[in-house]
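# Observations on chain architecture
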Amino acid sequence: MAKLEIRDLHVNVTPKDSDAEPIVILKGVDLTVESGQTHAIMGPNGSGKSTLSYAIAGHPKYQVTQGTITLDGEDVLAMTVDERARAGLFLAMQYPVEVPGVSMSNFLRTAATAVRGEAPKLRHWVKEVKESLSELEIDPSFVERSVNEGFSGGEKKRHEILQLGMLKPKIAILDETDSGLDVDALRVVSQGVNSYRERENGGVLLITHYTRILRYIKPEFVHVFVNGRVVESGGPELADELEENGYVKFTSAAAGA
Ligand SMILES: Nc1ncnc2c1ncn2[C@@H]1O[C@H](COP(=O)(O)OP(=O)(O)OP(=O)(O)O)[C@@H](O)[C@H]1O
Ligand SMILES: [Mg+2]
């Protein structure tokens, strides 16, 4: 059993202009994700959802000014980015980065070696990659291409889930993995997430704008994220309410606070 605990998290970003004041983005996030649980986070554009995922993953641009993040009681904020990955945290980014000159196959094997602590045996590895590719309906030719380079939006998202399946984290943060997917890809990607959940008893933090992915990946918990904080938590019915009524109720309450 793994437990990711976020308490009173405050995060700033400092704009490129060195004279500029830091901008406060997260203003006291409280959230706990355990193995086997799926949490959905929904909230308006610019409310800080991606910032939260970057802060958990350790993006250097985002400074934690207050609060804690722990994984099984260990201080995540004291870890480097790769220590976080080795500890069992995984982030599928909203905008996956292109890495020209590094093939997918090299990248996957290097990442798996780092996370697992030893190089996977070649024969097993080839089989594992093949099975994962076929599960996600990815053409095998992709593994020889540079990471994400020239991939379509949906292809990038599929490859994020390919990594999820191969790196087998304890807790996975999926930032808008459903954005830009066609209906078939949405089903395939959701199946990939669900089989990760089943196989690894993984905990999932799913950031999304749409309830349609929640028909495939069923969350037990839904959180409304407004203005840098979780302002409401509930069950799956909360997602339906948001779909129906939008965020007005929550944004006006946050503005009045
Ligand atoms: N490097 C940065 N410089 C300036 N502002 C930033 C930076 N990074 C984030 N922000 C601001 O922080 C706020 C939160 O951004 P974030 O990407 O976390 O929102 P989000 O909830 O993920 O939105 P979306 O639903 O559109 O993905 C935004 O107003 C954004 O412009
Ligand atoms: Mg975002």
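Residues numbered from 1 in each chain as written. Chains lettered and ligands numbered in written order. Predicted model: local features only at pLDDT ≥ 70, side-chain atom pairs only at ≥ 80, totals over all residues. Heavy atoms only, no water.

### Some details on the sheet that holds strand β12 (residues 229–234)
- In spatial order, the strands read β6-β9-β10-β3-β11-β12; together these 6 strands make up an open sheet with mixed pairing. Since the sheet does not close on itself, it has two edges, and those belong to β6 (89–92) and β12, each with one partner. For this sheet, the mean angle separating the axes of adjacent strands, direction not counted, is 20°.
- Sheet topology places β6 next to strand β9 (residues 171–175); 4 bridges connect them, and they run parallel. Paired with phenylalanine 90 across the bridge in β9 is alanine 172.
- Those strands touched by helix α5 (residues 153–167) are β6 and β9, and its axis lies near 170° from that of β6. (Pairing = 2+ DSSP bridges. Helix = DSSP H or I, 4+ residues; strand = E, 2+ residues; numbered from the N terminus. Axes fitted to C-alpha atoms, helices over the stretch in contact; angles between N-to-C directions. Contact = heavy atoms within 4.5 Å.)

### Let's talk about the coordination of the magnesium ion (ligand 2)
- Distances from the magnesium ion (ligand 2) to its protein donors, Ser50 (OG) and Gln94 (OE1), fall at 2.0 to 2.1 Å. On the criterion of sequence distance, the pair formed by serine 50 in helix α1 (residues 49–57) and glutamine 94 in the loop between β6 and β7 (99–103) is long-range, its members being 44 residues apart.
- Note on serine 50: relative accessible area 18%, which makes it buried. (Donors = N, O, S within 2.8 Å, 3.2 Å for Na, K, Ca; no water. Buried < 20%, exposed > 50% of the residue type's maximum accessible area, 1.4 Å probe, protein only.)

### Remarks on the UniProt feature "domain: ABC transporter" (unreviewed entry) in the protein
- Here the UniProt-annotated "domain: ABC transporter" (unreviewed entry) positions come out as residues 4–252.
- With 36% helix and 29% strand, residues 4–252 has end C-alpha atoms that lie 30 Å from one another. (UniProt positions renumbered as here; feature names shortened; annotations may be inferred.)

### Brief notes about a negative patch on the surface
- A grouping of Glu237, Asp240, Glu243 and Glu244 is seen on the molecular surface, where their side chains present a negatively charged patch.
- Within the secondary structure layout, aspartate 240 lies in helix α7 (residues 237–245). (Patch = residues over 30% accessible without salt bridge, like charges linked within 9 Å, V, L, I, M, F, W, Y side chains within 5 Å. Areas by Shrake-Rupley, 256 points an atom, 1.4 Å probe, with all protein chains shown as cover. Salt bridge = Lys/Arg side-chain N within 4 Å of Asp/Glu carboxyl O. Lys, Arg positive; Asp, Glu negative; His and termini not counted. Charge placed at Lys NZ, Arg CZ, Asp CG, Glu CD.)

### Let's talk about the site of ligand 1
- Around ligand 1 there are 16 residues in total, and Gly46, Lys49, Ser50, Thr51 and His209 lie nearest to it.
- Within the side chain of threonine 51, one N or O atom sits 2.6 Å away from an oxygen atom of ligand 1.
- Between an oxygen atom of ligand 1 and a side-chain N or O atom of histidine 209, the distance comes to 2.8 Å.
- Those elements that provide at least two residues to the shell around ligand 1 are β2 (23–34) and α1.
- No other element matches the 3 residues that α1 contributes to the shell around ligand 1.
- By residue class, the composition of the shell around ligand 1 is 5 nonpolar, 8 polar and 3 charged. (Near = heavy atom within 4 Å. Polar contact = N/O pair within 3.5 Å; in protein donor to acceptor, adjacent residues only side chain to side chain. Nonpolar A, V, L, I, M, F, W, Y, C, P; charged D, E, K, R; others polar.)

### Some thoughts on the environment of leucine 206
- Relative to the elements of secondary structure, leucine 206 occurs in strand β10 (residues 203–207).
- For leucine 206 and leucine 174, which are 32 residues apart along the polypeptide, the C-alpha to C-alpha distance reads 4.9 Å.
- For leucine 206, the residues in contact, after removing those within four places along its chain, are His39, Ala40, Ile41, Leu174, Ile213, Leu214 and Ile217.

### Section: the packing of helix α3 (residues 104–116) against helix α4 (residues 122–135)
- Running from N to C, α3 and α4 point in directions that differ by 115°, and their axes come no closer than 12 Å. As α3 packs across α4, the resulting crossing turns out to be right-handed. For the pair formed by α3 and α4, the contact residues are Leu108, Arg109, Ala112 and Arg116 on the first element and Leu122, Trp125 and Glu128 on the second.
- Looking at the contact of α3 with α4, its residues break down into 4 nonpolar, no polar and 3 charged. (Left-handed = near helix turned anticlockwise from the far one by under 90°.)

### As for the sheet that holds β2
- In spatial order, the strands read β2-β1-β4-β5; together these 4 strands make up an open sheet with antiparallel pairing. The open sheet is flanked by β2 and β5 (74–75), the only strands paired with a single partner.
- The pairing of strand β1 (residues 3–13) with β2 spans 9 bridges and is classified as antiparallel. Following the sheet pairing, histidine 10 is matched in β2 by lysine 27.
- Here α1 sits on the sheet and contacts β1, β2 and β4 (62–71); the angle it forms with β1, its principal contact strand, is near 110°.

### Things to note about the side chain of histidine 223
- Turning to its location among the elements, histidine 223 is positioned in strand β11 (residues 221–226).
- Within the structure, the side chain of histidine 223 is placed 2.9 Å from the side chain of histidine 39, a separation counted as a polar contact.

### As for the pairing of β4
- Looking at chain direction, β1 and β4 are connected through 8 bridges and run antiparallel. The residue bridging arginine 7 from the neighbouring strand is threonine 68, located in β4.
- The antiparallel hairpin formed by β4 and β5 contains 2 residues in its connecting segment, where aspartate 72 sits at a positive phi of about 50°.

### Thoughts on the pattern of salt bridges
- Evaluation of the coordinates by the stated rule reveals 11 salt bridges.
- Lysine 170 is paired through a salt bridge with aspartate 72; the nearest N and O atoms lie 3.9 Å apart. Here aspartate 72 lies in the loop between β4 and β5 and lysine 170 lies in the loop between α5 and β9, a separation of 98 residues in the sequence.
- A relative accessible area of 37% means that aspartate 72 is categorised as partly exposed.
- Here lysine 127 makes a salt bridge to glutamate 131, at a shortest N to O gap of 3.6 Å.

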